[in-house]
Amino acid sequence: MLEDIKKALGLNNTDFDSIINNYIEASKLDLEAAGILKEKIVDTDKLIYSAIFCFVQSKFDIDNSEMFLNSYNLQKDCLRHNTKYISWNIQKLFI
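Residues numbered from 1 in each chain as written. Predicted model: local features only at pLDDT ≥ 70, side-chain atom pairs only at ≥ 80, totals over all residues. Heavy atoms only, no water.

*Asks:* Can you help me understand the side chain of Ser 27 in this one?
*Replies:* When you line up the elements, Ser 27 lands in helix α2 (residues 17-33). A polar contact of 2.7 Å, which involves the side chain of Ser 27, links it to the backbone oxygen of Ile 24. What Ser 27 contacts, discounting residues up to four positions off in sequence, is Ile 52, Phe 55 and Tyr 72. (Helix = DSSP H or I, 4+ residues; strand = E, 2+ residues; numbered from the N terminus. Polar contact = N/O pair within 3.5 Å; in protein donor to acceptor, adjacent residues only side chain to side chain. Contact = heavy atoms within 4.5 Å.)

*Asks:* Help me understand the pattern of salt bridges in this model?
*Replies:* According to the stated counting rule, one finds 7 salt bridges in the structure shown. For Arg 80, the salt bridge is made with Asp 77, and the minimal N-O distance between the two is 3.0 Å. With Arg 80 and Asp 77 both in helix α4 (residues 65-80) and 3 residues apart, this pair spans about one turn of that helix. Each of Glu 3, Lys 6 and Asp 17 takes part in one network of salt bridges that share partners. (Salt bridge = Lys/Arg side-chain N within 4 Å of Asp/Glu carboxyl O.)

*Asks:* When you look at the nonpolar core in this model, what are you seeing that I'm missing?
*Replies:* The nonpolar side chains of a soluble globular protein tend to be buried with one another. Judged by nonpolar contacts, the single largest core of 20 residues is most densely connected at Ile 24, Leu 31, Ile 36, Ile 48, Ile 52, Val 56 and Leu 79. Of all the elements in the fold, those that place two or more residues in this core are α1 (2-9), α2, α3 (46-60) and α4. The dominant element in this core, judged by the number of residues it contributes, is α3, at 7 residues. For Leu 31, the residues in contact, after removing those within four places along its chain, are Ile 36, Ile 41, Ile 48, Ile 52, Tyr 72, Lys 76 and Leu 79. (Core = buried A, V, L, I, M, F, W, Y, C linked by side-chain atoms within 4.5 Å. Buried < 20%, exposed > 50% of the residue type's maximum accessible area, 1.4 Å probe, protein only.)

*Asks:* It is not clear to me how the packing of α1 against α2 should be interpreted in this structure. Could you clarify?
*Replies:* In a pair of packed helices, the angle between the axes and the distance between the axes together describe the arrangement. Contact geometry for α1 and α2: axes closest at 10 Å, N-to-C directions at 115°. One way to sum up the angle between α1 and α2 is to call them roughly perpendicular. Judged by the sense of rotation from one axis to the other, the crossing of α1 with α2 is right-handed. Contacts from Leu 2, Ile 5, Lys 6 and Leu 9 of α1 reach α2 at Asp 17, Ile 20, Asn 21 and Ile 24. Residues that form the contact of α1 with α2 fall into these classes: 5 nonpolar, 1 polar and 2 charged. (Axes fitted to C-alpha atoms, helices over the stretch in contact; angles between N-to-C directions. Parallel < 35°, antiparallel > 145°, perpendicular 65-115°, else oblique. Left-handed = near helix turned anticlockwise from the far one by under 90°. Nonpolar A, V, L, I, M, F, W, Y, C, P; charged D, E, K, R; others polar.)

*Asks:* Looking at this structure, how should I read the environment of Ile 19?
*Replies:* You can see Ile 19 is positioned in helix α2. In this structure the C-alpha to C-alpha distance between Ile 19 and Val 56, which are 37 residues apart in sequence, comes to 9.6 Å.

*Asks:* Explain the state of the cysteines to me, please; I cannot follow it from the model alone.
*Replies:* One way to say it: the disulfide is the covalent bond shared by the sulfur atoms of two cysteines. As enumerated under the stated definition, the model contains 0 disulfides in all. We note that Cys 54 lacks a disulfide partner, and the nearest cysteine sulfur, in Cys 78, lies 12 Å from it. Owing to a relative accessible area of 47%, Cys 78 belongs among the partly exposed residues under this scheme. (Disulfide = S-S within 2.5 Å.)

*Asks:* I keep staring at the packing of aromatic side chains and nothing clicks. Help me out?
*Replies:* For any pair of aromatic rings, the description rests on two quantities: the centre-to-centre distance and the angle between the ring planes. Inspection of every chain in the model, using the stated rule, returns 4 aromatic pairs. Arranged with centres 6.2 Å apart and planes meeting at 85°, the rings of Phe 16 and Phe 60 form a pair that is edge-to-face. On the criterion of sequence distance, the pair formed by Phe 16 in the loop between α1 and α2 and Phe 60 in helix α3 is long-range, its members being 44 residues apart. Aromatic pair Tyr 23 and Phe 60: ring centres 5.8 Å apart, planes at 90°, arrangement edge-to-face. Residue Tyr 23 is located in helix α2, and its partner Phe 60 is located in helix α3; the two are separated by 37 residues in the primary sequence. Here Tyr 23 falls in the partly exposed class, since its relative accessible area comes to 27%. On the basis of relative accessible area, Phe 60 is assigned to the partly exposed category, the value being 24%. Through pairs of rings, three or more aromatic residues link up here, namely Phe 16, Tyr 23 and Phe 60. (Phe/Tyr/Trp six-rings, centres within 6.5 Å; stacked < 30°, edge-to-face > 60°.)

Right, here's the structure in full:
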């Protein structure tokens, strides 16, 4: 994931790796705080990957920050309403 994000940002060095990794971890914690099951927050899941990617992009792409953050929030909301990603107890809150 780190290499994909760096490529999208046009970075070909390691200067920002720790910052990018911190944002990746922050987005995972945010998804968990939103009710997504921790075991579902993996980079190999394409929906989770896309959400994390948008979160990190929103921190680096100043010109499109709002667009990427809105995309992240929309994806997070969709994940919160998908029964595959939340526990049964959380599902009851949405019914």
